[in-house]
Amino acid sequence: MKIKSELSKIIEQALKSANIQADEIVISDATKPEFGDYQFNGIMRLAKELKRNPREIASEVVEHIDTTGMVSKVEVAGPGFINIWLNNEWLAEVTTEILEDKRVGVGFVEEPKRVVVDYSGPNMAKQMHVGHLRSTIIGDTLATLLEFLGDEVIRQNHIGDWGTQFGMLIAYLEEQNTDGNTQELKDLEQFYKDAKVRFDQSEAFANKAREYVVKIQSGDEHCLELWQSFINASLGHCEEVYEKLGVNLTRDDVRAESFYNDQLPQIIERLKEKNISTTSNGAECVFLEGDENPIIVQKSDGGFLYATTDLAALYFRANVLQAKRICYVVDARQAQHFKQVFTIAKMAGLVGEDVSLEHIGFGTMMDKGGKPFKTRDGGVIKLVDLLDEAVVRAKDAIKDRDVHSDEELDAVAKAIGIGAVKYADLSISRESNYIFNWDKMLSFEGNTSLYMQYAYARIQSILRKHNAEVSGEIIIGDEIEHRLAVMLLKFEDTLIKASIEATPHTITSYLYDLVTLFMKFYELNPILKEDIKEDIKMSRLQLSILTGAVIKKGLEILGIEVVEKI
Ligand code: ARG
């Protein structure tokens, strides 16, 4: 239910009846229950424009607000706020209606768009690291969310499969005489280190590596074959991580850096033609206003750079894929890079003015001591190991609960462990650095996935205990039920906000508030006690069912599974 836009219409109507002109009407959530369910805070600004007393205007507007339908009560408060209460009968009717709805009352966006979400983007030369974990989790949620709201989403995995290091890697691969599937490539980090040692020790090997760089670039068949088998093996490692994470990225979504190779000279031509770039010391550079350093788009030896590839990718996404919104879920430390390529792409007309280009940046993952996340000896943490550890720890966290058979336990531990890693990442505001803490993320208390999964399982257990059909309407009997119903209907506005701002934590905060409220409702309003009247019992069961459905849908958008028992 798009409550805020419905309320805007009601306020707009009232303003019109009171002969007051207003442009945009923004409805806010009330900050405390005693201030109602929603608030309109726009009167003060209007009063300033009209040079009138805000409380006076607010009283006039309030008189014209229709309180026979969705709204039951309005009140002027403070310097001229309007507090708004929703009507209980209306809440009962709407919540009862959406019990039947698979989308739990969430509609579609009015103007669906084609959106590219660029996420994960691991580098093939090395193992995927924690930075790519954040990109993968946040990006996947954004893609799922936009799709659910009706946008047409094209996932793009911009993997780093090109560059000078591949000469060294394939020369070493050839020397080891492996076909890309054997033991040597099981540990890419080690393979890279070994190749580097060889490179530093042997002049002959180093020369061969350099020669192979040129050979791949000029399309030498043998070298390309070696390169391809290396990329395949490396991508296989990433897919193992995607699989464990339950992330929806496939080979079809891969559009690697190398894909844009033959388009790069045209990009440079275009920049030259439009006088956007200039040659400086043999290199092709773009000087942007306010930027101290030039952006090099072609080196003096003719080589292209990360930025050049991104310009070609922007052109492709805007013109071939015809996206109207392009989201880059990439480490915040690349903010400067994206600012620059977006500016250049628009200046050069590679991307139309109507295309929204967004860098969805995120902070660094830190350990408990506030240092970048590494293994004890300073190495890179393998994501596969991290995810396996999450499942082991989840098993441990639920071992005393004794509700699962041995077969169930593995699946439940996976849902809880992987869910915890994802939720912990999604629930902080994404631009902040983030402290990875096993104990915190696997806690039953607080803003964790386990708290949500536990609430869901609790609801299922109530239904199992009831063990009979649930039918009948929702009746809003008291304050807590009123608040719970309003909260359930806020789901759509929450998702819309999260999709516009690309902030998954908007959804987790909502789920946390919803579950906290539900727990209070459950504590105050017994459901299965014998002396409860049948219609009230049914209504409370229905409210619980709807809460469960919203939790499940919310977690599903975050890529987290629910379980029936914990
Ligand atoms: N491979 C890059 C990295 O590891 C991320 C790619 C992000 N996407 C892009 N179009 N630049 O930093």
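First, a word on scope: everything that follows refers to the structure included in this document. Everything numeric here is computed off the predicted structure, so don't read it as measured data.

1. What to know about the site of the ligand
What surrounds the ligand is the set Asp118, Gly121, Asn123, His132, His158, Tyr306, Asp310, Tyr328, Val330, Gln334 and Phe338. The contact in question runs from a nitrogen atom of the ligand to an N or O atom on the side chain of asparagine 123, over 2.8 Å. Aspartate 310 has a polar side-chain atom sitting 2.8 Å from a nitrogen atom of the ligand. Burial of the ligand by the protein chains amounts to 89% of its free accessible area of 350 Å². Of all the secondary structure elements, the ones that give two or more residues to the shell around the ligand are helix 11 (306-320) and strand 10 (325-331). Looking at the shell around the ligand, its residues break down into four nonpolar, five polar and two charged.

2. Describing the packing of aromatic side chains
In the structure shown here, the tally under the stated rule is 19 aromatic pairs. Consider the rings of phenylalanine 259 and phenylalanine 316, whose centres lie 5.1 Å apart with planes at 75 degrees: the pair is edge-to-face. One end of the pair, phenylalanine 259, is in the loop between helix 9 (221-245) and helix 10 (264-273); the other, phenylalanine 316, is in helix 11, with 57 residues separating them in the sequence. A relative accessible area of 34% means that phenylalanine 259 is categorised as partly exposed. The structure contains a cluster of three or more aromatic residues connected by ring pairs, namely Phe166, Tyr172, Phe191, Phe205 and Phe230. Over the ring of phenylalanine 148 we find arginine 103; its NZ or CZ atom is 4.0 Å from the centre of that ring.

3. Examining the pattern of salt bridges
Using the criterion set out here, one finds 29 salt bridges in the structure. Glutamate 75 serves as the salt-bridge partner of lysine 73, at 3.8 Å between the closest nitrogen and oxygen. Here glutamate 75 falls in the partly exposed class, since its relative accessible area comes to 34%. Each of Lys4, Asp29 and Lys490 takes part in one network of salt bridges that share partners.

4. Quick notes on helix 1 (residues 3-17)
An ideal rise of 1.5 Å per residue puts 21 Å on 15 residues; helix 1 measures up with 21 Å between its terminal C-alpha atoms. Residues of helix 1 that are buried: Ile3, Leu7, Ser8, Ile10, Ile11, Ala14 and Leu15. Projected down its long axis, helix 1 carries its buried residues within an arc of 165 degrees, all on one side. Positive backbone phi, at 60 degrees, marks asparagine 19, one or two positions downstream of helix 1.

5. Focus on the sheet that holds strand 11 (residues 356-362)
Reading across from one edge, 6-5-10-11 is the order of the four strands in this open sheet, with parallel pairing throughout. The two strands at the open ends of the sheet, each matched to only one other strand, are strand 6 (152-156) and strand 11. Each strand of the sheet is rotated relative to its neighbour by a mean of 20 degrees, with strand direction disregarded. Where strand 10 meets strand 11, seven bridges bridge the pair, whose relative direction is parallel. For valine 329, the partnering residue across the bridge sits in strand 11 and is isoleucine 360.

Criteria and cut-off values
- Residues numbered from 1 in each chain as written.
- Predicted model: local features only at pLDDT ≥ 70, side-chain atom pairs only at ≥ 80, totals over all residues.
- Heavy atoms only, no water.
- Near = heavy atom within 4 Å.
- Polar contact = N/O pair within 3.5 Å; in protein donor to acceptor, adjacent residues only side chain to side chain.
- Areas by Shrake-Rupley, 256 points an atom, 1.4 Å probe, with all protein chains shown as cover.
- Helix = DSSP H or I, 4+ residues; strand = E, 2+ residues; numbered from the N terminus.
- Nonpolar A, V, L, I, M, F, W, Y, C, P; charged D, E, K, R; others polar.
- Phe/Tyr/Trp six-rings, centres within 6.5 Å; stacked < 30°, edge-to-face > 60°.
- Buried < 20%, exposed > 50% of the residue type's maximum accessible area, 1.4 Å probe, protein only.
- Lys NZ or Arg CZ within 6 Å of the ring centre and 35° of its normal.
- Salt bridge = Lys/Arg side-chain N within 4 Å of Asp/Glu carboxyl O.
- Expected span 1.5 Å × (residues − 1).
- Arc of directions from axis to C-beta.
- Pairing = 2+ DSSP bridges.
- Axes fitted to C-alpha atoms, helices over the stretch in contact; angles between N-to-C directions.

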